[in-house]
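Reading the structure
Each chain, letter by letter, is given below.
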Amino acid sequence: MERTDHCDRMVDIIVGFDRFRSEFDRARASLPSLPLSEAALDSPVMRPGKVVAMGSNYLEGTDGPPLPIWAFVKSPQSITGPGGTIRLPPVAAKVFHHETELVAVIGKTGKDIKAQDARSHVFGYMVGIDVSGRRDVLPQSLFNKSHDTFSPIGPVIATADEIPDPHRLGVRLWVDGELRQDFSTSDMGHNVWESISYVSSVTTLNPGDLIFTGTNHQGLGPLQDGEMVEAEIEGIGRLALRVSDPLKRSWPKGVDTEIGQRVLRMLREGKAVGSV
């Protein structure tokens, strides 16, 4: 029951943030502070109503045009927070990849939101990792992105006023200190506002819902047992997690160029094949 109450309180805070903000400011000024590095953080949004992820939504360093807009749903049970563990399940998989993404946190209910109005529906932003299980056969199953712990988020929510332009942010990811992903959200094919508009054309968005806005696939690599993963987005912070695999599987370390090349071919041909 305590966990459910905590989840409900976060949505209440998002909905009533303008009303609570002065109280937060007073508490910050009067209460003892603790360095963020010494704090034990949980998922900023522990049980979102919806987790929607944009697919193939980056230009991958090309001049475009972007692929047709599309999205998929991830299980809310896949959420985990900073300092946690990504647990690779004992299922058949070719590899498990990391995909660092800017995550938009919805702050206001809306359906059929116009792109020009989408900014007002964003409460804030987080760092996210879309952990992806790949198989040897096509089409890939998007269900392999919904295993428990496959949607790490955090370390905090940067409120929308703290991020004046979400389309000019540096994104990086390290595995055991090795830099793999290093790109800018300026490479996004369909921007945050267009993504929110598209998703809301299908389903009503509510406070606390999350939209993973996609990744640049150039720099993806495998995750495997015992590794430390750190993802960082400029202006938001760094999200760090361990990886655990009961089967102790292993893949070549470093960047996996195959999927990056596949996405580049998709961009040249103007159509998505399988799922990424």
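Note: the structure precedes this text.
Read on for an overview of the structure.

Calculation rules
- Residues numbered from 1 in each chain as written.
- Predicted model: local features only at pLDDT ≥ 70, side-chain atom pairs only at ≥ 80, totals over all residues.
- Heavy atoms only, no water.
- Buried < 20%, exposed > 50% of the residue type's maximum accessible area, 1.4 Å probe, protein only.
- Helix = DSSP H or I, 4+ residues; strand = E, 2+ residues; numbered from the N terminus.
- Pairing = 2+ DSSP bridges.
- Salt bridge = Lys/Arg side-chain N within 4 Å of Asp/Glu carboxyl O.

1. A word on the pairing of strand β13 (residues 228–233)
Two faces, one strand: in a regular strand the side chains alternate between the faces of the sheet. Only one face of β13 is covered, namely the face carrying V229, A231 and I233; the face carrying M228, E230 and E232 is uncovered. One ladder, built from five bridges, connects strand β10 (residues 170–175) with β13; its direction is antiparallel. If you follow V171 over to β13, its bridge partner there is I233. Summarising the sheet, β13 and strand β14 (residues 237–244) pair through six bridges and their orientation is antiparallel. Within β14, the residue paired with V229 across the bridge is L241. With antiparallel pairing between neighbouring strands as the criterion, β13 and β14 make up a hairpin whose turn holds three residues, including G235 at a positive phi of roughly 85°.

2. Quick notes on unusual backbone geometry
A cis geometry characterises the amide bond from G64 onward to P65, with omega recorded as 5°. In the segment running from G154 into P155, the intervening peptide bond is cis, with an omega of -10°. Looking at the element boundaries, P155 is found in strand β9 (residues 151–159). Unusually for a residue other than glycine, T149 sits at a positive phi of about 75°. Take T149: it is sitting in the loop between β8 (132–134) and β9. At D176, a residue that is not glycine, the phi angle is positive and equals roughly 50°. Residue placement: D176 occurs in the loop between β10 and β11 (178–184). Classification of D176 by relative accessible area gives partly exposed; the value is 46%.

3. As for the pairing of β11
As judged from the six bridges shared by β10 and β11, these two strands associate in the antiparallel manner. When the bridges of β11 are listed, V171 appears paired with F183. Hairpin connection between β10 and β11: a loop of two residues separates the two successive antiparallel strands, and D176 in this loop has a positive phi of roughly 50°.

4. Comments concerning the pattern of salt bridges
Applying the stated criterion across every chain yields a total of 16 salt bridges. Across the pair R21 and D161 runs a salt bridge whose closest N-O atoms are separated by 3.2 Å. Residue R21 is located in helix α2 (residues 17–30), and its partner D161 is located in the loop between β9 and β10; the two are separated by 140 residues in the primary sequence. A residue is classified by how much of its surface remains accessible, and R21, at 31% relative accessible area, is partly exposed. When the shortest N-O distance is used, the salt bridge between E99 and K145 registers 3.4 Å. Remark: K145 occurs in the loop between β8 and β9 and E99 occurs in the loop between β5 (95–97) and β6 (100–106); sequence separation between them is 46 residues. Exposure class is identical for E99 and K145. Each is buried.

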